[in-house]
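# Tertiary structure, described
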Amino acid sequence: MTQTAIKDVPLLIDGQFVTSTSREGREVINPATQEVLARVPFATPEEVQRAVASAKAAFATWRKTPIGARARIFLRYQQLIREHMSELAALLTAEQGKTLADAEGDVFRGLEVVEHAAAIGNLQLGELANNVASGVDTYTLLQPLGVCAGITPFNFPAMIPLWMFPMAIACGNTFVLKPSEQDPLVTMRLAELALEAGVPPGVLNVVHGGPAVVDALCDHPDIKALSFVGSTRVGTHVYRRASEAGKRVQCMMGAKNHAVVMPDAPREQTLANLVGAAFGAAGQRCMAVSVVVLVGEANSWVPDLVAKARSLKVGAGHEHGTDVGPLISCQALDRVSGLIERGLSEGATLELDGRNIQVERYEKGNFVGPTLFSGVTTDMTLYREELFGPVLCVMHAATLDEAIALINANPNGNGVALFTRSGAAARRFQEDIDVGQVGINVPIPVPVPLFSFSGSRASKLGDLGPYGKQAVLFYTQTKTITTRWPDEQDVGSAGVVNTTITLK
Ligand code: NAD
């Protein structure tokens, strides 16, 4: 049998897809089959340097490119992404594991940001105050910063890169992207399509790597702003390091998202929403519901929740009918299995055990089936850590206020949901809950790009969100201009030569 050579994932520097000279790297592996799809070389310091230098050089002309010309590139780009949707989703499923429907969702949520970037003409508008003093006007310019960089996680390899570089570039910046080294293939395809849409050489660059490349981007004096999405541990490090180097930084990080169920919530619909939000994408979403708080009599719902979770089909993401795909890696499988074991040893009740699940024809896949614990308390590891797997913790609260207090005592603030038929309960909840993104009968309340992703507290460092209007502020510097143009009479009285224009 002949072995096909494993291809190296290229770097993108100055408009060219180039092979890295690095000997360090890792393999991209299909998590359902363990097939090696490609090898990712970790860029050398010199290659990172070249990528940043190319972005810096390109900024000189890109910042002067008219806003309409920038917008039209993103109009073409959104069309190309649409045309390649099935191909992008298939590539994403092969390297990441999520179902094809989820993969299309991943691309689509990124596509929405590209559409938003195409509206940059309306978004990058300054303000003007007329006559702030006699003959004086003040107005603002939202000017691009220069070279910006992005570091992205494995769980949304299309959406999250698209949160970053389209808005940054549309604002007139140039960009260096470092995708997750676990699944960079769909990101690279999106970079190819960006060039095809007309992004000029050097305006978008891509380097691969792990901690050394990330640290090099944090430290580089020519990078002015850095956007990070990933775990709290790494995000905290990136925020400190890049801030110390004088950069503007935003970090979207880990989570522990609760769903609160009131006894009056519509039962079937709520149960379906809960299992979709807990086990979809194998729980590897930063907005996955990982804790359900059943209020009052809703506590009797546990057997129904278990039955619903048990009915989900575990399998390879590209197989028709799959609900829950594999975890990203063997290490993730071991980690999640270890956390389930820990939950048992700490006294939680294992209502449904997804460990050691056998998936026919995919025996080597990193599968964990839906797993559900009841009797979880706040001191347990299951509750304190982000599990990032298909594991749902069920807790009980006597009242809505008790549920709100429980959630507000958790350090994370990414997402939360309430299920109820009561407008009064919903209103109390949205007012008093201390979490940045709230869903009322919406399990995963990620806002569309007309708004911004607004995780809060320990889930975020930095003030501004990664897309929407806040991204325009993040990727630009506001400059205020104050002008005085004296009227004709003043000009005359000041002894300045009159122009031939009569201002009357
Ligand atoms: P991760 O933090 O391990 O990796 C993110 C990026 O950081 C990758 O590009 C990786 O190469 C790099 N990195 C890893 N270790 C590093 C180190 N020691 N030093 C410097 N850089 C390092 O995250 P992940 O496992 O890829 O993604 C899952 C995490 O991302 C979860 O915690 C999830 O909640 C979070 N996430 C958050 C959001 C959000 O918007 N809040 C969205 C998606 C994912």
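Rules of the game
- Residues numbered from 1 in each chain as written.
- Predicted model: local features only at pLDDT ≥ 70, side-chain atom pairs only at ≥ 80, totals over all residues.
- Heavy atoms only, no water.
- UniProt positions renumbered as here; feature names shortened; annotations may be inferred.
- pLDDT = per-residue confidence, 0-100.
- Contact = heavy atoms within 4.5 Å.
- Salt bridge = Lys/Arg side-chain N within 4 Å of Asp/Glu carboxyl O.
- Helix = DSSP H or I, 4+ residues; strand = E, 2+ residues; numbered from the N terminus.
- Buried < 20%, exposed > 50% of the residue type's maximum accessible area, 1.4 Å probe, protein only.
- Near = heavy atom within 4 Å.
- Polar contact = N/O pair within 3.5 Å; in protein donor to acceptor, adjacent residues only side chain to side chain.
- Areas by Shrake-Rupley, 256 points an atom, 1.4 Å probe, with all protein chains shown as cover.
- Nonpolar A, V, L, I, M, F, W, Y, C, P; charged D, E, K, R; others polar.
- Core = buried A, V, L, I, M, F, W, Y, C linked by side-chain atoms within 4.5 Å.
- Axes fitted to C-alpha atoms, helices over the stretch in contact; angles between N-to-C directions.
- Parallel < 35°, antiparallel > 145°, perpendicular 65-115°, else oblique.
- Left-handed = near helix turned anticlockwise from the far one by under 90°.

Under an unreviewed UniProt entry, the name given to the protein chain is methylmalonate-semialdehyde dehydrogenase (CoA acylating), and the source organism is Pseudomonas benzopyrenica. Under the UniProt heading Sequence similarities (unreviewed entry), the entry covering the protein chain gives this text: "Belongs to the aldehyde dehydrogenase family."

## Section: the confidence of the model for the protein chain
Taken as a whole, the protein chain shows an average pLDDT of 96; of its residues, 96% reach a score of 70 or greater. Across residues 499–504, confidence stays below pLDDT 50; counting only partners more than four residues off in sequence or on other chains, it has three contacts.

## Overview of the pattern of salt bridges
One pass over the full model with this rule turns up 20 salt bridges. For Lys56, the salt bridge goes to Asp222, with nearest N and O atoms at 3.5 Å. Taken as a pair, Lys56 in helix H1 (residues 45–62) and Asp222 in the loop between helix H8 (211–219) and strand E10 (223–229) lie far apart in primary sequence, 166 residues in all. Owing to a relative accessible area of 48%, Lys56 belongs among the partly exposed residues under this scheme. Close ionic contact of Asp353 with Arg355 constitutes a salt bridge, the shortest N to O distance being 2.8 Å. In this structure Asp353 comes out as partly exposed when scored by relative accessible area, which is 38%. Overlapping salt bridges bring together Glu87, Arg189 and Glu192 as one network.

## Here we look at the site of the ligand
The local shell around the ligand holds 27 residues, among which Thr152, Glu181, Ser231, Met253 and Glu386 are the closest. Within the side chain of Glu181, an N or O atom sits 2.6 Å from an oxygen atom of the ligand. Take Gly230: an N or O atom from its main chain is 3.3 Å from an oxygen atom of the ligand. When the ligand sits alone it has 840 Å² of accessible area, and the protein chains cover 89% of it. Elements supplying a minimum of two residues to the shell around the ligand: helix H6 (159–170), H8, E10 and helix H9 (232–244). Among the residues making up the shell around the ligand, the classes are represented as 15 nonpolar, eight polar and four charged.

## Some details on the nonpolar core
One finds Val260, Val261, Val376 and Leu382 to be the most contacted residues of the largest nonpolar core, which totals 71 residues. Beyond its immediate sequence surroundings of up to four residues, Val260 is in contact with Val293, Val295, Leu400, Ala403, Ile407, Ala417, Leu418, Phe419 and Phe429. Counting residues in each nonpolar core, the second largest holds 68 residues, with Ala89, Ile120, Met188 and Leu193 among its members.

## Thoughts on the packing of helix H14 (residues 400–409) against helix H15 (residues 423–432)
Relative to each other, H14 and H15 sit at 25°, their axes nearing to 11 Å. Classified by the angle their axes make, H14 and H15 are roughly parallel. The handedness of the crossing between H14 and H15 is right-handed. Contacts from Leu400, Asp401, Ile404 and Asn408 of H14 reach H15 at Ala425, Arg428, Phe429 and Asp432. Taken together, the residues that form the contact of H14 with H15 break down as four nonpolar, one polar and three charged.

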